[in-house]
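Coordinates in review
Spelled out from the first residue to the last, the chains are:
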Amino acid sequence: MASSRDDFIIAIRSAFLKKSTQQKFSLLTLVFFSIFIIVLSNLDLKAVRYLKIGINELVYRSSFVVSIPENFIKNTYKDIKDYTTYFREYRNIKEELSEFKSKDISSEITQYENKELKELINDYVSSSNKILAKIIVDHDSPFLKSIIINKGSKDNIKIGTNIYDQSYLVGRVIEVNYKTSRVLLLSDLNSNVPVTIAPENIQAIITGSGDDYADIKYIKQGISDQFSEESIVYSSGTGAIFKSGIPIGKIKIVENDQIKKFYVDFYSDFSQLKYVFAEIITKTELEKADQQITDNQQEPIDAKLKLLEDELAIIEQSNMKFKDENEKLKSQVNYLNNKIISFQNETEIQKETIKQFNIDTEELEFLRLNLIYSQKCQSRKLFNTGFKVGTPEYKKCIMNKGKIND
Amino acid sequence: MTSLKTRGLFYKAYSYLPVIFLFVSVLNEFDFNYLNLDFFSFNFPFILIFFFTLKDFKNIDYLLVFLAGLINDTVIGLPLGISSLSYMLICIATSYFRNITIRPNPVKDWFYFLLIISLINSLNYSILTLFFSFNLILMNYLVNTFFTFLFYIIFVSIFKYYLKGLDD
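1. Comments concerning the overall build of chain B
From N to C terminus, chain B includes 7 helices and 0 strands. The secondary structure elements of chain B, listed N-terminal to C-terminal, are α-α-α-α-α-α-α. Taken across its 168 residues, chain B has 40% of its residues classed as buried. For chain B, contacts bridging at least 24 residues in sequence account for 66% of all contacts bridging at least 6.

Shown next, in the form of structure tokens:
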């Protein structure tokens, strides 16, 4: 018994402490060193922070280089797949583009109005600038959903910077290095975004599911029944982590055994991201920037006026078109009314003809029967049984085929 | 026929292949995730480290394994040191197993590997959720452990070919 315990202790001691000639450190030293690093990396010391940034920069770049062959294979496969659907997509996109162009003007006006109102509410003027960033590392880990972009503190990226795919929200920056940053995607389990669900105007928080959709949390029970598949989800701006009004996705309803479940289906496909936009927001204090605001105020007003003029011109053009169309429709209506009247007249004539035809038919029948039954129905001098010719009684008698008392 | 050993540089590169693969896999997070299979993932560094440290492969330096762990944490976005600790624990386990084993058996190794990675993944999960408040899906860890266990035997046969090539 004591011997087996001794063996165990010897084996353990040997495993921890023994190092062969080629090993520079014993395992025990490295285990302690790992624990030391775990503790140290969580202390927000300046030196550690800079060291971490240095390691991150180096590792991200190396990871990007090492991933080139794998990414090449993945992208080639994706490209081939895309080519097969290019033409159909092109036509759809063209149609969508023409729709969006018409909506764009009113959207810009709303944006300017929104900006003005925000300036009135807040004590600062915020101006944003979106910069394009390339994704250098995107490994789609099953544990953590994050990407590395090639913009960092050098490009004014800060922790919390909102990241977009076109105009859709995809996540926020959680780690900033000098030339790179880590973005936590909305699909990550640790991501929480305050949102508004329209048109129901319901406030909620969406949490990543670790998959390509998000769960809706913190809403009153039963309120979810109001959701439809047309409901859209956009950031509410509560908590000032995310900007308000950024589209995120649509409500997806999944029905299992009469139990409805509601998810948020993201507009953006996070597995297909190649480039993203990082929104750099600069805030200028209102008091310090009074002069600047006066100058800047002129600018949005001018722009707004120009947009309004453009919109007016478009409305006038549309009005003219509508007037022309109206005139055409009026003449068409008149023409159709005339046609209806002529058809009515024609119908009347035809009705008369039918009526006359019916009379003639009856007359003809009377004449035919008259030839046969006139003897029976006529009044005679000797036996006063018949009727006088030409009287309605006589006609009735003829039509009754000579029956007098019917 | 010229043996590998006489070829100098080529032999050296060949003998360092496991280390190169270890670093490539941690930098690239080589796990076939893009196949979009639900929950599918496996931990290649675990297999590689377990096999080569169990065989006491001379070019696998513990310090390099430790550095690979740091790189893995940086790439994935985990707190620095977590993967290093996991890799070091694998090294300790294999070292202990080597000490107590007189006659190696591949099936025993395989199930010992399952035990070790289950313990390490549990430890990882516990540290990340309890101390770092990470939200993680336990199912991902379980499936990852299962597939790593399954893939072990496949990679072992490949690694054996590699070792045979090295001996020749």
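2. Focus: the environment of asparagine 124 of chain B
Residue and element names in this part refer to chain B. With respect to the element layout, asparagine 124 can be found in helix H6 (residues 106–131). The class of asparagine 124 is buried, set by 20 C-beta atoms lying within 10 Å. Each C-alpha atom, one on asparagine 124 and one on serine 86, is 7.5 Å from the other, the two residues being 38 residues apart in sequence.

3. Topic: the pairing of strand E5 (residues 181–185) of chain A
Residues and elements named next belong to chain A. Burial runs high along E5: 5 of the 5 residues are buried. Side chains of E5 alternate between two faces, with Ser181, Val183 and Leu185 and Arg182 and Leu184 buried alike. Bridging between strand E2 (residues 146–149) and E5 involves 4 bridges; their strand directions are antiparallel. In the strand pairing of E5, serine 146 is matched with leucine 184. By the bridge criterion, 5 bridges tie strand E4 (residues 168–176) to E5 in an arrangement that is antiparallel. Bridging across to E5, valine 176 finds its partner in serine 181. Hairpin remark: E4 followed by E5, antiparallel, with 4 residues in the connecting loop.

4. Side note on the nonpolar core
By size, the foremost hydrophobic cluster in this structure holds 77 residues, and its most contacted members are Ile248 of chain A together with Ile49, Phe50, Ile90 and Cys91 of chain B. In terms of residues, this core owes the most to one element, helix H5 (residues 82–100) of chain B, which gives 10 residues. In this structure, phenylalanine 50 of chain B is in contact with Ile90, Thr94, Phe113 and Ile116 of chain B, ignoring residues within four places of it in sequence.

5. Here we look at the packing of H6 of chain B against helix H7 (residues 138–167) of chain B
Residues and elements named next belong to chain B. One way to put it is that H6 packs onto H7 with a least axis distance of 10 Å and a crossing angle of 155 degrees. With respect to each other, H6 and H7 are oriented roughly antiparallel. As H6 packs across H7, the resulting crossing turns out to be right-handed. Residues Pro106, Trp110, Phe113, Leu114, Ile117, Ser118, Asn121 and Tyr125 of H6 form the contact with H7, whose own contacting residues are Leu138, Tyr141, Asn144, Thr145, Thr148, Phe149, Tyr152, Ile153 and Val156. Along the lines of polarity and charge, the residues of the contact of H6 with H7 split into 12 nonpolar, 5 polar and no charged.

6. Some points on helix H3 (residues 44–54) of chain B
Residue and element names in this part refer to chain B. Counted residue by residue, H3 has 11 buried out of 11 residues, so it is predominantly covered. Looking at the buried positions of H3, the neighbouring elements they touch are helix H2 (17–28), helix H4 (62–76), H5, H6 and H7. Looking one or two places after H3, you find aspartate 56, whose phi comes out positive at around 55 degrees.

7. Observations regarding the packing of helix H2 (residues 27–42) of chain A against H5 of chain B
At a closest axis distance of 9 Å, the pairing of H2 of chain A and H5 of chain B adopts a crossing angle of 160 degrees. Between H2 of chain A and H5 of chain B, the angle falls in the class roughly antiparallel. For the pair H2 of chain A and H5 of chain B, the sense of crossing is left-handed. Taking contact as the criterion, the partners of Leu27, Leu30, Val31, Ser34, Ile35, Ile37 and Ile38 of chain A in H2 of chain A are, on H5 of chain B, Ile82, Ser84, Leu85, Met88, Cys91, Ile92 and Ser95 of chain B. Classifying every residue of the contact of H2 of chain A with H5 of chain B by side-chain character gives 11 nonpolar, 3 polar and no charged.

8. Topic: helix H4 (residues 68–83) of chain A
Each α-helix turn comprises 3.6 residues. Residues three or four places apart therefore point the same way. Along its 16 residues, H4 of chain A runs 22 Å from first to last C-alpha, staying within 8% of the 22 Å computed at 1.5 Å per residue. The element H4 of chain A is barely covered by neighbouring structure, given that only 0 of its 16 residues are classed as buried.

9. A closer look at the interface of chain A and chain B
The interface is formed by 40 residues belonging to chain A together with 36 residues belonging to chain B. Breaking the side of chain A that touches chain B down by element, the ones donating at least two residues are helix H1 (2–17), H2, helix H3 (46–66) and H4 of chain A. Here the element with the most residues in the side of chain A that touches chain B is H2 of chain A; it accounts for 9 residues. Partitioning the side of chain A that touches chain B into residue classes produces 19 nonpolar, 15 polar and 6 charged.

Calculation notes
Residues numbered from 1 in each chain as written. Chains lettered and ligands numbered in written order. Predicted model: local features only at pLDDT ≥ 70, side-chain atom pairs only at ≥ 80, totals over all residues. Helix = DSSP H or I, 4+ residues; strand = E, 2+ residues; numbered from the N terminus. Buried ≥ 20, exposed ≤ 12 C-beta atoms within 10 Å, placed from the backbone. Contact = placed C-beta atoms within 7 Å. Pairing = 2+ DSSP bridges. Core = buried A, V, L, I, M, F, W, Y, C linked by C-beta atoms within 7 Å. Axes fitted to C-alpha atoms, helices over the stretch in contact; angles between N-to-C directions. Parallel < 35°, antiparallel > 145°, perpendicular 65-115°, else oblique. Left-handed = near helix turned anticlockwise from the far one by under 90°. Nonpolar A, V, L, I, M, F, W, Y, C, P; charged D, E, K, R; others polar. Expected span 1.5 Å × (residues − 1).

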